[in-house]
Amino acid sequence: MSEIGFLFLHTIFIQKGRHETTWTVMRKFGYTDQLEVSDEYLRPDLHVEQGSSVELTDEGSEYLTSLFHKHDTDKDGILSPSELANLFSVCPNIPWGDFSASVMTSEMGWLTQEGYEALWTLNMLLYPEHTMEYLGYLGYNSDTRGNQLTAVQVTPPRHEDFKRQISCRSVLLSYVFGPKGCGKSCFINRLIKKGEIEISPETDRHICINKIRYQAQQEKYFILQEVGAGDQDEILDKGGDCDLAIVLYDTSRPDSFSKAVEIQERLDVPSVFIGMKSDKSSVKQDYDYTPEQYSRWQGSLLLFSSLLCLTGSQHNSRYSRLVFCSLLSIPAAVS
């Protein structure tokens, strides 16, 4: 039935005094007597413990992917701005701002299916209640699916993963620390295979997400989030609260590694060091131990790569090693 036919049918119901039929349909889709979508419909209770995170289930992912295919009217695997606006036409607004700095996009900066699925995954982890609300607007709730709680799953707290030294999460969050100018933006951008990216002034954090293959055909979503100077102390006071902390230092600056060690010593989560700008001449670090010695002593991963020109399998190899460290929930040496 078309939209016009649906509205015409209910017009006839109302004209014939069968108001209860139309009200039944409205309430089925969460509307109150004031013709507003109820909070119970949009925001079902979801309990998330400290250290746990929220991920999409297969059912939730499949529903969102079906919406992509439905609104990709020209079937080019990309949502144009008009197609994206049409998809969210039943919502108060499009829930994403400038997403081009966070996910894979087309050459025109439009949303690919890969980027679309990654955005939903990212927002479910960062803003689960808000994202579940939009699932409600988009019609996820039904007799067979129930409410939005069937679209999500809550992971065990991270401290349990660290205790078992293994993680079963599908989405891994890494904070990226490092002094200004050491190459944090370059490192993060390369996760989505992009170079210099202009970050919108309205963006409160630089964050990227991509799906990384780490073993045979197994894949995980990997998130890199830059920790700015203004947020660093607050995050470190909590011990990190992520799956893996990545501490960068500048191999061309003698005081850089000592600052990285200061950060690492305040972390309660698995951490790795990465030496950036190795394409330049490395200098002796002003610290009691060399980076190699300290990393062996701490059992931490040490990668001497600026990641400036990584493509193809080489690109995936670097990040897959970091995914392994996150999954094992312990730092690991790399040969």
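Here goes a summary of the coordinates provided. (Residues numbered from 1 in each chain as written. Predicted model: local features only at pLDDT ≥ 70, side-chain atom pairs only at ≥ 80, totals over all residues. Heavy atoms only, no water.)

## A short note on the overall build of the protein
Then comes step 1: The helix and strand inventory of the protein stands at 13 helices and ten strands.
Then comes step 2: Expressed as a percentage of the 335 residues in the protein, the buried residues total 47%.
Then comes step 3: Residue pairs at least 24 apart in sequence account for 70% of intrachain contacts in the protein once pairs closer than 6 positions are excluded.
Then comes step 4: Accessible surface for the protein amounts to roughly 17400 Å². Of this, 51% is attributable to carbon and sulfur atoms. (Helix = DSSP H or I, 4+ residues; strand = E, 2+ residues; numbered from the N terminus. Buried < 20%, exposed > 50% of the residue type's maximum accessible area, 1.4 Å probe, protein only. Contact = heavy atoms within 4.5 Å. Areas by Shrake-Rupley, 256 points an atom, 1.4 Å probe, with all protein chains shown as cover.)

## Observations concerning the pairing of strand β6 (residues 207–215)
Then comes step 1: In terms of strand pairing, β6 meets strand β7 (residues 218–226) through eight bridges, oriented antiparallel. Pairing of Ile 207 across the sheet is with Gln 225, part of β7.
Then comes step 2: Count of turn residues in the β6/β7 antiparallel hairpin: two residues, of which Ala 216 carries a positive phi of about 50°. (Pairing = 2+ DSSP bridges.)

## Comments concerning a nonpolar patch on the surface
Then comes step 1: Together, Met 1, Phe 6 and Leu 9 give the surface a local cluster of nonpolar side chains, amounting to about 320 Å² of exposed area.
Then comes step 2: With respect to the helices and strands, Leu 9 occurs in helix α1 (residues 3–15). (Patch = residues over 30% accessible without salt bridge, like charges linked within 9 Å, V, L, I, M, F, W, Y side chains within 5 Å. Salt bridge = Lys/Arg side-chain N within 4 Å of Asp/Glu carboxyl O.)

## Points about the packing of helix α4 (residues 58–71) against helix α6 (residues 113–126)
When two helices pack together, their arrangement is given by the angle between the helix axes and the distance between those axes.
Then comes step 1: At a closest axis distance of 11 Å, the pairing of α4 and α6 adopts a crossing angle of 140°. When you trace α4 past α6, the crossing you get is right-handed. Residues Leu 64, Thr 65, Leu 67, Phe 68 and His 69 of α4 form the contact with α6, whose own contacting residues are Gln 113, Tyr 116, Glu 117 and Trp 120.
Then comes step 2: Considered class by class, the residues forming the contact of α4 with α6 number five nonpolar, three polar and one charged. (Axes fitted to C-alpha atoms, helices over the stretch in contact; angles between N-to-C directions. Left-handed = near helix turned anticlockwise from the far one by under 90°. Nonpolar A, V, L, I, M, F, W, Y, C, P; charged D, E, K, R; others polar.)

## With respect to the packing of α6 against helix α7 (residues 128–137)
Then comes step 1: Where α6 contacts α7, the axes come no closer than 5 Å and their chain directions differ by 130°. It follows that α6 is oblique to α7 by the angle criterion. Residue-level contacts link Trp 120, Asn 123, Met 124, Leu 125 and Leu 126 of α6 to Pro 128, Thr 131, Met 132, Tyr 134 and Leu 135 of α7.
Then comes step 2: Tallied by class, the residues present in the contact of α6 with α7 amount to eight nonpolar, two polar and no charged. (Parallel < 35°, antiparallel > 145°, perpendicular 65-115°, else oblique.)

## Points about the side chain of Glu 133
Then comes step 1: Among the structural elements, Glu 133 can be located in helix α7.
Then comes step 2: A relative accessible area of 12% places Glu 133 in the buried class.
Then comes step 3: In terms of polar contacts, Glu 133 uses its side chain to reach the side chain of Arg 43, at 3.3 Å.
Then comes step 4: Setting aside its immediate chain neighbours within four residues, Glu 133 contacts Leu 42 and Arg 43. (Polar contact = N/O pair within 3.5 Å; in protein donor to acceptor, adjacent residues only side chain to side chain.)

## Quick word on the pairing of strand β5 (residues 171–177)
Then comes step 1: Of all seven residues making up β5, seven are buried, and the element is well covered by its neighbours.
Then comes step 2: Every second residue of β5 is oriented toward a common face, with Val 171, Leu 173, Tyr 175 and Phe 177 on one face and Leu 172, Ser 174 and Val 176 on the other, all of them buried.
Then comes step 3: Across six bridges, the pairing between β5 and β7 is parallel. If you follow Leu 172 over to β7, its bridge partner there is Phe 222.
Then comes step 4: Bridge count for β5 against strand β8 (residues 244–250) is four bridges, and the pairing is parallel. Residue pairing in the sheet places Phe 177 in a bridge with Val 247 of β8.

## Description of the packing of aromatic side chains
Then comes step 1: Counted by the stated rule, this structure contains 18 aromatic pairs.
Then comes step 2: For the pair Phe 88 and Tyr 134, a centre-to-centre distance of 6.5 Å together with 75° between the ring planes defines the contact as edge-to-face. Within this pair, whereas Phe 88 is found in the loop between α5 (81–87) and β3 (111–112), its partner Tyr 134 is found in helix α7, the two being separated by 46 residues in sequence. Here Phe 88 matches Tyr 134 in class, with each residue buried. (Phe/Tyr/Trp six-rings, centres within 6.5 Å; stacked < 30°, edge-to-face > 60°.)

## Details of the nonpolar core
Then comes step 1: Phe 88, Trp 96, Leu 111, Tyr 116, Trp 120, Phe 177 and Ile 223 are the most contacted members of the largest nonpolar core, which has 52 residues in total.
Then comes step 2: Excluding residues that lie within four positions of it along the chain, Tyr 116 makes contacts with Leu 64, Thr 65, Leu 67, Phe 68, Leu 79, Leu 87, Trp 96 and Leu 111.
Then comes step 3: If you look at the next biggest cluster of nonpolar residues, it comprises 24 residues, including Met 104, Ile 188, Ile 192 and Leu 244. (Core = buried A, V, L, I, M, F, W, Y, C linked by side-chain atoms within 4.5 Å.)

## Focus: the pattern of salt bridges
Then comes step 1: Throughout the structure, instances matching the rule amount to 14 salt bridges.
Then comes step 2: Residue Arg 169 is joined to Asp 161 by a salt bridge in which the shortest nitrogen-to-oxygen separation is 3.0 Å.
Then comes step 3: Residue Arg 169 is classed as buried on the basis of its relative accessible area, which comes to 2%.
Then comes step 4: On the basis of relative accessibility, which here comes to 1%, the residue Asp 161 falls in the buried class.
Then comes step 5: Across the pair Glu 226 and Lys 184 runs a salt bridge, and its minimum N-O distance is 4.0 Å. Here Glu 226 is found in strand β7, whereas its partner Lys 184 is found in helix α9 (residues 184–189), with 42 residues between them in sequence.
Then comes step 6: Each of Arg 158, Glu 160, Asp 161, Arg 164, Arg 169, Asp 241 and Asp 243 takes part in salt bridges that share partners, so that together they form one network.

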